[in-house]
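The chain contents come next:
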Amino acid sequence: MHRLRRVRRHLSDRSYSSRISLLLRTGKGIALAFFLFFCLSFCPAQQPGDTDLPLIRQLYPTDTSFRQFTGDVERNRRLLVGARAQPERAAENLTIYRYIVREGEDLYHLAARSTIPYSALASLNRLNSPSVIQPGMTILLPSCPGIFIPSNVETDLEKIIGAARVSAEGGIELRINTAGRTTTYLFFPGADFTPTERSFFLNAGFRFPLRNYRITSRFGVRADPFSGHQQMHQGIDLAAPEGTEVFAIADGIVTAAGFDSVLGNFIIISHNNNYSSLYGHLQRIETVLRAEVRSGTLIGRVGSTGQSTGPHLHFELRHGGRAFDPSGRLRH
Ligand SMILES: [Zn+2]
């Protein structure tokens, strides 16, 4: 038995004239179909008048749209918590804003400023890894945390998050019409990435620089093999036979290639979003300064040049110039 009731409401209190058509379906369990009809463009520069979605110019309270957005987020968050949580109502109140990424901003910055988990931003915007965020890119900001699964799953991440949830209850169907192209999503209000999904998403950007290796030294404070003093080890050491191929961990540009008395023959590659990677003690450098490399490009050979006790790759991953522990961030 299905009874269909159509509710149409005009968002007259909004700075835009979007209309949400809500289709409520009652039957076994909660099955709520929710359609958002938006007309928006992912390329506002090409078709500036083609969108009804409010544009947030700055992620600061001085921006009117941002204030409105944060108000929406607060209301929806209240509907998601507590014993009387009403996730369907939060989904019903979902509004979507646009934001154009600025220089120096990454996914974590956008998530922190918008107070929306990066899983919601990633799944709605169909990002396969954090590194795809670029200045000038238009990002959709949802006013409700949750996971969005497009009906036409394409990326490996979407297959993983889709497989776990598509048959689950509580998914709300919504359609976003983008300049003539409609994407249908199943929305799970309040949901977040599982640990597996999170790890897949975070690691999708970087691959291991070696095919086969043995980790001989980890990131962190250790007794320096030469001085014996406690010292910070800024990377990881991957032991492998002399001459083993070393690959770029992601797309980027070679910004240093030379010799250093400590690092020996070394390469630094700059990647998107202020990430960079360093490869030290190389036997040979197989790339040149300013070369554009792809993820997996051969860039050098494992050696023992500089201050080294045996053939290994000293590998560092940096963000904003600061090294951090790369373990858990690299996929095979
Ligand atoms: Zn090292």
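Predicted model, so just to flag it, every value in this text is computed and none were measured. (Residues numbered from 1 in each chain as written. Predicted model: local features only at pLDDT ≥ 70, side-chain atom pairs only at ≥ 80, totals over all residues.)

Colleague: So what about the overall build of the chain? Which residues, and what values?
Modeller: Helices and strands together make up the secondary structure of the chain, namely six helices and 21 strands. The buried share of the chain, taken over its 332 residues, is 33%. Long-range pairs, those at least 24 residues apart, make up 61% of the contacts in the chain between residues at least 6 apart in sequence. (Helix = DSSP H or I, 4+ residues; strand = E, 2+ residues; numbered from the N terminus. Buried ≥ 20, exposed ≤ 12 C-beta atoms within 10 Å, placed from the backbone. Contact = placed C-beta atoms within 7 Å.)

Colleague: Which residues make up unusual backbone geometry, and what values do they have?
Modeller: The residue threonine 115 is not glycine, and still its phi comes out positive at about 55°. When you line up the elements, threonine 115 lands in the loop between helix 3 (107-114) and helix 4 (118-124). Although it is not a glycine, histidine 281 adopts a positive phi angle of roughly 65°. Relative to the helices and strands, histidine 281 resides in strand 17 (residues 275-285). Assessed through the 26 C-beta atoms surrounding it within 10 Å, histidine 281 is described here as buried.

Colleague: An account of the pairing of strand 6 (residues 138-142) is requested, with residue identities and associated values reported.
Modeller: If a strand is regular, its side chains alternate between the two faces of the sheet. When you tally the buried positions in strand 6, you get four out of five residues, the bulk of the element. Sheet topology places strand 5 (residues 96-100) next to strand 6; five bridges connect them, and they run antiparallel. Directly across from arginine 98, in strand 6, lies its bridge partner leucine 140. (Pairing = 2+ DSSP bridges.)

Colleague: Could you give me a rundown of the sheet that holds strand 4 (residues 55-56), with the residues and numbers involved?
Modeller: With mixed pairing, three strands are arranged side by side in an open sheet as 4-5-6. Both outer strands of the open sheet, strand 4 and strand 6, are each paired with one neighbouring strand and no more. Two elements, strand 4 and strand 5, share two bridges in a ladder whose sense is parallel. Residue isoleucine 56 lies in a different strand from strand 5, and its bridge partner there is tyrosine 99.

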